[in-house]
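Here's the letter readout for the chains.
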Amino acid sequence: MALRGTRTRQPGAKGEAEATKKPLGAVRRAQTITTYGVGSMIAIEDQSYIVSGIDSWRVWPSDVIYEPRLEGWLGVDRFQLPPADEPPSGNGIKVRLFPEMYSCASCKKLQYFKSFGSPEGQSQCGDCNKPLTPSRFVIACENGHLDDFPYFEWLHKKSGQNSGDKHELTLESTGQTASLRAVLIKCSCGVEPASLEGAFGRNAMKEMGIKCRGRRPWLGRDANEPDCSVIPRTMQRGASAAWFGIARSALSIPPWSETLQQRINARYREWSQLLDDDVPEKALLNMIAKSDVVEEGGFAPEDVLAAVLRRREMKSNAHSDSGEQPMLESANTLRHQEYAHLYDGTGSVGREEHFECVQAPTDGTSLPYGLKRSMLVKRLREVRALESFTRVEMPDPAGGDKRRSAMAKKTMDWLPAIEVSGEGVFLAIDDDLLGEWEQRIGPRQRADAIWSNHTALLRDRAKRAGSMRPPSDITSPVTARYVMLHTLAHVLINEWSLDCGYPAASLRERLYVDDEMSGILIYTATSDSAGSLGGVVAQGEHRKLHDTLEAALARSEWCSQDPPCMESEASGLDSLNLAACYACVLLPETSCETNNVFLDRAMLIGTPEEPSTGFFHEVN
């Protein structure tokens with residue numbers, strides 16, 4: 001990703017000088033989905049910027065990504081790969097200066113950057129020629145709005161005075177302590193200086209009478225949303241809570257992974273529009289017959305038209321999980337479709353197809369206890385799209401949180417996305433054994449503890465958001481089945497990372513869990529060919545599974561933080577874990593679907609008092 005810079009001169013095609021913008025910096029394409037997406041702040045040298053909306057991006061037709069199921073789910077026509085950092089795709093992502101408040105360490109002035117008279121392309125005080133520092137603090141609200149910290153209002157409302165016509169602020173540090181008490185704001189009007197102590201309190205802005213102005217600086221100065229009633233919160237400019245990306249993903253599965261569907265990607269919108277315009281079928285078949293899909297691909301026009309009609313039907317019936325009742329992503333329609341293909345596998349597939357899944361050879365060995373099927377996913381493709389983002393409070397992992405910040409000022413028919421190619425292993429759990437285990441008192445009690453904490457969290461967030469639904473109608477979707485499968489995926493990733501040559505951060509889980517599904521997919525999460533080396537697929541062989549599952553369960557029996565870890569009544573973010581910590585089952589953030597919550601290793605191996613709580617307790 002290349003960022004906006006100052007003007008430079010480069011020779012044109014005819015020897016003339018052409019004005020271009022020098023890139024300020026670059027990040028990896030994948031980071032524009034996970035870390036530096038729309039609305040996030042990014043520090044480049046001595047300045048701070050915010051990534052602009054996608055309506056200002058310069059995207060190219062050659063960088064289009066297609067995934068029909070995810071397109072229908074998110075209501076877009078296509079996905080775009082973020083621009084590269086080299087021409088002709090370079091300089092495509094724009095950034096804006098934010099925060100706008102800067103200070104000078106020499107003269108102590110605190111004002112808007114443009115008021116310093118800094119030389120073009122530099123960040124220096126016009127009076128003392130010393131480097132400027134962007135404000136350390138910003139304010140944000142749970143609706144995604146973002147603004148400069150209100151230094152002027154904080155000072156004058158805290159002191160209760162506002163005398164004089166001229167106000168020149170300064171920012172000074174007494175150096176006596178490292179706390180905010182030592183950071184003082186002063187004004188030339190003579191008002192008593194005020195420190196920033198207490199500025200990070202949940203109700204600090206409310207007590208000062210400071211309201212959210214609904215600013216959306218990533219969309220421009222004229223993109224404010226008026227009448228926001230949410231109390232803004234102070235946070236550090238680089239705090240993780242300043243931006244939480246909301247990414248959605250889907251695997252390419254038949255028929256959309258097949259060669260014919262891939263060939264019609266570029267022509268689908270054109271032919272679908274002709275169908276909307278009631279063009280006669282015969283005329284459309286003639287057009288299809290003259291296309292490269294038929295001439296180069298060797299497909300019959302009738303088969304191509306049938307593929308177009310099938311995609312139209314799928315998109316018209318697609319719907320997102322936008323209901324008010326929280327639902328884990330592992331149980332949505334996309335996952336049900338994927339589960340069926342992962343469980344049944346594929347026959348022979350062509351070289352161009354994106355999905356190949358076969359049953360693991362028995363090699364004379366039965367599957368380990370608790371497993372019903374092991375499938376080797378020798379070829380897979382995943383598309384990950386940035387749907388939106390939130391601030392202050394992390395999006396709820398169960399999908400009950402409907403906060404969405406705008407990605408653009410106008411409605412766009414695309415979203416930024418990346419595609420990942422790799423391999424994996426799909427494991428299905430024995431439903432009979434699972435059903436019997438779910439009836440035991442131990443698993444039910446431990447799952448109820450997580451369920452209660454999550455339900456309380458959902459109801460509190462709904463209340464603060466002003467939801468019209470009665471709190472009693474909002475309940476957590478977390479079950480003992482989900483916690484067990486989720487924890488199993490974590491311990492296997494940790495074990496496989498020691499055996500297959502991939503670090504844990506390069507492996508990823510994908511869960512398929514509800515009353516009708518009980519499976520996990522562990523696959524490589526890299527965006528290049530390094531994700532297809534065969535090391536993960538080998539873990540799905542029956543004999544290998546016996547070794548790795550036994551070792552993973554044995555490793556999870558003891559944690560260096562025991563006994564406190566195993567005896568914990570609540571742990572992790574928002575108390576949504578039980579026996580789970582970084583010394584035993586937690587993973588890098590890129591590997592887990594739910595930000596390392598809804599985990600409990602006692603669901604696998606039991607507790608010292610109740611061994612039968614563990615699904616695999618009979619293995620020991």
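Scope of this entry: the structure provided in the associated data block. Everything numeric in this text was worked out from a predicted model, so none of it was measured. Each residue is numbered by its place in its chain's sequence as written, counting from 1. Local features in this predicted model are restricted to residues of pLDDT 70 or higher, and side-chain atom pairs are both shown and tallied only at a pLDDT of 80 or more, whereas totals for entire chains, interfaces and linings draw on every residue. Each side-chain value is worked out from all heavy atoms of the structure, with water and hydrogens disregarded.

Quick look at the sheet that holds strand E11 (residues 137-140)
Our working definition: Two strands make a pair as long as DSSP finds a minimum of two bridges between them. Numbering of helices and strands starts at the N terminus; helices are DSSP runs of H or I of at least 4 residues and strands are runs of E of at least 2. Only the contacting stretch of a helix is used when fitting its axis, a line to C-alpha atoms as for every element, and angles between N-to-C directions run 0 to 180 degrees.
An order of E12-E11-E16 is seen for the three strands of this open sheet, with the pairing classed as antiparallel. Of all strands in the sheet, those bounded by a partner on one side alone are strand E12 (146-148) and strand E16 (233-236). Taking the axes of each pair of neighbouring strands and ignoring which way they run, one obtains an average angle of 40 degrees across the sheet. Summarising the sheet, E11 and E12 pair through three bridges and their orientation is antiparallel. Counted as the bridge partner of Val 138 is Asp 148 from E12.

Some words on helix H14 (residues 542-556)
An α-helical turn contains 3.6 residues, so a residue and the one three or four places further along point in the same direction. This is how the line gets drawn: Helix span, as expected, comes to 1.5 Å for every residue beyond the first. A simple rule labels every residue: compare its accessible area, found with a 1.4 Å probe on the protein chains alone, to the largest value its type can have, and call it buried under 20%, exposed over 50%, or partly exposed in between. In this description, one arc is meant: the one made by directions from the helix axis to the C-beta atoms.
In a regular helix each residue adds 1.5 Å, so 15 residues correspond to 21 Å; H14 covers 21 Å between its end C-alpha atoms and thus fits that length. What H14 keeps buried is the set His 542, Leu 545, Thr 548, Leu 549, Ala 552, Leu 553 and Ser 556. Buried residues in H14, looked at end-on, bunch into an arc of 130 degrees, giving them a common side.

Side note on the packing of aromatic side chains
The criterion, for reference: Each pair of aromatic rings taken from Phe, Tyr and Trp, with Trp reduced to its six-membered ring, is defined by centres within 6.5 Å and is described as stacked if the planes are under 30 degrees apart, edge-to-face if over 60, and tilted in the remaining cases. A ring has a charge above it when a Lys NZ or an Arg CZ is no more than 6 Å from the ring centre and no more than 35 degrees off the ring normal.
According to the stated counting rule, one finds 16 aromatic pairs in the structure shown. Pairing Phe 149 with Trp 154 gives two aromatic rings, centres 5.9 Å apart and planes at 55 degrees, and the pair type is tilted. As far as the burial class goes, Phe 149 and Trp 154 line up, both buried. Among the aromatic side chains, those forming a connected cluster through ring pairs are Phe 137, Phe 149, Tyr 151, Trp 154 and Phe 200. Between Arg 311 and the ring centre of Tyr 268, over which it is positioned, the NZ or CZ distance is 5.0 Å. Between the NZ or CZ atom of Arg 335 and the centre of the ring of Tyr 512, over which it lies, the distance is 5.8 Å.

Points about the packing of helix H13 (residues 480-499) against H14
The following threshold applies: These descriptions rest on fixed angle ranges, namely under 35 degrees for roughly parallel, over 145 for roughly antiparallel, 65 to 115 for roughly perpendicular, and the rest for oblique. Left-handed describes a crossing whose near helix is turned anticlockwise from the far helix by less than a right angle; the clockwise case is right-handed. By the convention used here, residues are in contact when the closest approach between their heavy atoms is within 4.5 Å. Residue polarity is assigned by list, with Asp, Glu, Lys and Arg as charged and Ala, Val, Leu, Ile, Met, Phe, Trp, Tyr, Cys and Pro as nonpolar; anything else, Gly included, falls into the polar class.
With their axes 9 Å apart at the nearest point, H13 and H14 run at an angle of 115 degrees to one another. Between H13 and H14, the angle falls in the class roughly perpendicular. Our pair here, H13 against H14, has a crossing hand that is right-handed. Facing Leu 488, Val 491, Leu 492, Glu 495, Trp 496, Leu 498 and Asp 499 of H13, the residues of H14 in contact are Lys 544, Leu 545, Thr 548, Leu 549, Ala 551, Ala 552, Arg 555 and Ser 556. Here the contact of H13 with H14 is composed, by residue class, of nine nonpolar, two polar and four charged.

Quick notes on the pattern of salt bridges
Two side chains carrying opposite charge are able to pair once their charged atoms lie near each other. The condition is simple: Salt bridges are counted wherever a side-chain nitrogen of Lys or Arg sits within 4 Å of a carboxyl oxygen of Asp or Glu.
Overall, the coordinates contain 42 salt bridges when judged by the stated rule. A salt bridge links Arg 216 to Glu 225; the shortest N-O distance between them is 3.3 Å. Overall, Arg 216 belongs to the buried group, its relative accessible area being 14%. On the basis of relative accessible area, Glu 225 is assigned to the partly exposed category, the value being 35%. Between Arg 267 and Glu 270 there is a salt bridge; the shortest N-O distance is 3.0 Å. Residue classification places Arg 267 among the partly exposed residues on the basis of a relative accessible area of 23%. For Glu 270, a relative accessible area of 35% corresponds to the partly exposed category.

Thoughts on the pairing of strand E8 (residues 101-104)
Here E8 shows no split at all, with Met 101 and Ser 103 on one side and Tyr 102 and Cys 104 on the other all buried. Where E8 meets strand E9 (residues 109-112), three bridges bridge the pair, whose relative direction is antiparallel. Paired with Tyr 102 across the bridge in E9 is Gln 111. The antiparallel hairpin formed by E8 and E9 contains four residues in its connecting segment, where Lys 108 sits at a positive phi of about 70 degrees. Pairing of E8 with strand E10 (residues 132-134), which is carried by three bridges, proceeds in the antiparallel orientation. Within E10, the position partnered with Cys 104 by the bridge is Leu 132.

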